[in-house]
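A structural walkthrough
Residue strings, one per chain:
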Amino acid sequence: MEIIKTKADMQAWSKNKKKESRTLCFVPTMGYLHQGHVSLMEKGRPLCDELVLSIFVNPTQFGPNEDLSSYPRNIENDLSLAEKAGVTAVFLPIKEDIYPENFQTEIKLQSLPNHLCGKFRPVHFAGVAVVVTKLFNIVMPDKAVFGMKDYQQLQIIRQLVLDLDFDIEIVAGDIIREKDGLAMSSRNAYLSKSERTSALSLSRSLALAKELLAKGEKNTADIRSKIDSLIHSFPETKVEYVSFCQPETLEEIKVIEKKVLLALAVKVGKTRLIDNALIDPAQ
Ligand code: AMP
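Rules used in this analysis
Residues numbered from 1 in each chain as written. Predicted model: local features only at pLDDT ≥ 70, side-chain atom pairs only at ≥ 80, totals over all residues. Heavy atoms only, no water. Salt bridge = Lys/Arg side-chain N within 4 Å of Asp/Glu carboxyl O. Pairing = 2+ DSSP bridges. Helix = DSSP H or I, 4+ residues; strand = E, 2+ residues; numbered from the N terminus. Axes fitted to C-alpha atoms, helices over the stretch in contact; angles between N-to-C directions. 1 Å grid on protein atoms, 1.4 Å probe; cavity = no way out; pocket = protein on both sides within 12 Å on 5 of 7 lines; lining within 4 Å. Points joined across faces, edges and corners; volume = space filled by probe spheres on them. Nonpolar A, V, L, I, M, F, W, Y, C, P; charged D, E, K, R; others polar. Buried < 20%, exposed > 50% of the residue type's maximum accessible area, 1.4 Å probe, protein only. Right-handed = clockwise from strand over helix to strand, strands pointing away. Near = heavy atom within 4 Å. Polar contact = N/O pair within 3.5 Å; in protein donor to acceptor, adjacent residues only side chain to side chain. Areas by Shrake-Rupley, 256 points an atom, 1.4 Å probe, with all protein chains shown as cover. Contact = heavy atoms within 4.5 Å. Domains from an automatic or database assignment. Buried area = accessible area lost by both parts, 1.4 Å probe.

Some details on the pattern of salt bridges
- Taken as a whole, this structure holds 12 salt bridges when the rule is applied.
- In this structure, Lys226 and Glu217 form a salt bridge, with 2.6 Å as the shortest nitrogen-oxygen distance.
- Taken together, the shared-partner salt bridges connect Lys17, Arg22 and Glu50 into one network.

Here you go:
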């Protein structure tokens with residue numbers, strides 16, 4: 001496994017592989033890897049000849065009061081998991097290489113960032129769009145794998161690839177969960193023991209919605225109010241949003257007639273957690 005630290009070296013490595021007609025699959029991450037990330041690497045490994053992982057805590061996708069400075073890191077463990085998962089190159093850029101002085105470009109999508117997390121994290125998706133664009137131009141992959149855990153991000157990247165004509169196939173990976181249902185996240189490391197229990201309120205909400213839907217409830221306001229009560233029955237929780245929306249446009253839905261995305265964000269203590277599920281009332 002090669003460890004590459006500059007964008008010039010990364011571009012040279014990718015160009016070289018392309019010259020040898022080798023295909024490249026790419027998994028971008030912010031590190032502190034867990035089994036969710038590993039599942040994306042395992043999904044990507046057989047898709048191409050080479051598997052590139054990037055680890056970069058992207059400052060532009062954090063708001064001023066968010067957790068950029070405390071974001072967890074463990075590079076040794078990350079490299080060991082990457083190697084085991086069959087990664088052939090790890091790209092570890094530094095901030096100054098990605099955002100040199102006088103960096104000016106912004107990428108703004110018109111509609112997808114106006115929903116769900118974008119309402120509460122106003123700079124987040126512009127930061128994601130810019131860093132993913134840059135990483136795509138540096139790594140030059142044929143395919144890239146993103147997790148459904150960050151569903152809105154996945155939709156935004158699909159749109160970005162379409163709008164800007166990136167010749168890259170976007171592959172989606174399922175949400176990997178702990179045994180008790182909590183979606184894996186690097187931010188779970190912030191949770192105290194009691195918060196860890198309250199964090200179950202998210203996956204329990206998804207299960208409750210599925211149950212209610214199976215019983216024939218279709219009105220999202222009614223289901224949402226039951227979910228709110230469930231979440232608030234767990235201590236130290238604060239609901240940011242519980243949204244039923246159209247899976248492609250992310251527009252809110254009032255009555256569930258067909259496949260819907262249920263997405264939610266909850267603050268547990270100071271930690272903001274997200275989860276989601278695609279729910280099909282026909283099933
Ligand atoms: P992050 O390091 O949080 O930026 O995430 C890097 C990639 O891993 C993104 O595509 C995430 O959607 C994905 N990811 C994070 N958590 C999970 C999970 N529990 N299951 C599957 N993919 C995940």
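Some details on the sheet that holds strand S3 (residues 50-55)
- Here six strands make up an open sheet; going across it, the order is S1-S4-S3-S2-S5-S6 and the pairing parallel. Edge positions in the sheet fall to strand S1 (2-4) and strand S6 (169-173), since each of these pairs with one other strand and no more. Within this sheet the neighbouring strands show an average axis-to-axis angle of 25°, counted without direction.

Describing empty space enclosed by the protein
- Evaluation of the coordinates by the stated rule reveals one cavity of 30 Å³ or more.
- Quantified by volume, the largest cavity comes out at close to 50 Å³.
- Forming the walls of the largest cavity are Lys149, Leu182, Ala183, Ser185, Asn188, Ala199, Leu202, Leu273, Ile274 and Asp275.
- The element best represented in the lining of the largest cavity is strand S9 (residues 271-279), accounting for three residues.
- Of the residues in the lining of the largest cavity, the class split is six nonpolar, two polar and two charged.

Considerations on the pairing of S9
- Most of S9 sits out of view: eight of its nine residues are buried.
- Note that strand S8 (residues 260-268) and S9 share nine bridges and pair antiparallel. In the strand pairing of S9, Val266 is matched with Leu273.
- Taken together, S8 and the strand that follows it, S9, pair antiparallel across an intervening segment of two residues, in which Gly269 is found at a positive phi of about 60°.

Details of the pairing of strand S2 (residues 24-29)
- The buried count for S2 comes to six of six residues, which makes it a mostly enclosed element.
- Of the two faces of S2, both are covered, the one formed by Leu24, Phe26 and Pro28 as well as the one formed by Cys25, Val27 and Thr29.
- One ladder, built from six bridges, connects S2 with S3; its direction is parallel. In the sheet register, Val27 faces S3, and the bridge partner there is Leu53.
- With respect to chirality, the unit in which S2 leads through helix H2 (residues 35-44) into the neighbouring parallel S3 is right-handed.

Comments concerning the site of the ligand
- In the region of the ligand, 17 residues are neighbours, and His37, Gly147, Asp150, Ile176 and Met184 sit closest.
- The backbone of Met30 places a nitrogen or oxygen atom 2.9 Å from an oxygen atom of the ligand.
- Contact with the protein chains removes 93% of the 490 Å² of surface that the ligand exposes when unbound.
- Looking at the shell around the ligand, the elements with two or more residues in it are S2, H2 and strand S5 (143-147).
- Counting residues per element, the shell around the ligand draws most heavily on H2, which supplies three residues.
- Per-class residue counts for the shell around the ligand are eight nonpolar, six polar and three charged.

Comments concerning unusual backbone geometry
- Of note in the backbone geometry, Met140 takes a positive phi value of approximately 55° without being a glycine.
- Locating Met140 in the fold gives a position in the loop between helix H6 (124-139) and S5.
- Assessed through its relative accessible area of 22%, Met140 is described here as partly exposed.
- Backbone geometry places Leu250, a non-glycine residue, at a positive phi of 65°.

Looking at the sheet that holds S8
- Across the sheet, three strands lie side by side as S7-S8-S9; this open sheet has antiparallel pairing. The open sheet has two edge strands, strand S7 (237-245) and S9, and neither has a second partner. Going across the sheet, the axis of each strand differs from the next one's by a mean of 10°, ignoring polarity.
- Alignment of S7 against S8, held across eight bridges, turns out to be antiparallel. Paired with Val242 across the strands is Leu264, a residue of S8.
- The sheet contacts of helix H9 (residues 200-214) involve S7, S8 and S9, and relative to S9 the element is tilted by about 25°.
- Packing of helix H10 (residues 220-232) onto the sheet brings it into contact with S7 and S8, and relative to S7 it is tilted by some 155°.

Regarding the side chain of Ser198
- Position of Ser198 among the secondary structure elements: in helix H8 (residues 193-198).
- Setting aside anything within four residues of it in sequence, one finds Ser198 in contact with Phe234, Pro235, Thr237 and Val268.

Topic: the domain arrangement of the protein chain
- Looking at the protein chain, the domain boundaries give domain 1 (2-173) and domain 2 (186-278).
- A C-alpha centroid distance of 26 Å is found between domain 1 and domain 2.
- Taken together, the contact between domain 1 and domain 2 spans 21 residues of the former and 19 residues of the latter.
- When the buried area of domain 1 at its contact with domain 2 is split by residue, Leu116, Phe120 and Tyr151 rank highest and sum to 32% of it.
- Scanning the region where domain 1 abuts domain 2 turns up one salt bridge.
- Linking domain 1 with domain 2 are 10 residue pairs in polar contact (both at pLDDT 80 or more), by the criterion used here.
- Contributions of two or more residues to the side of domain 1 that touches domain 2 are made by helix H5 (116-120) and helix H7 (151-163).
- Classifying every residue of the side of domain 1 that touches domain 2 by side-chain character gives 10 nonpolar, seven polar and four charged.

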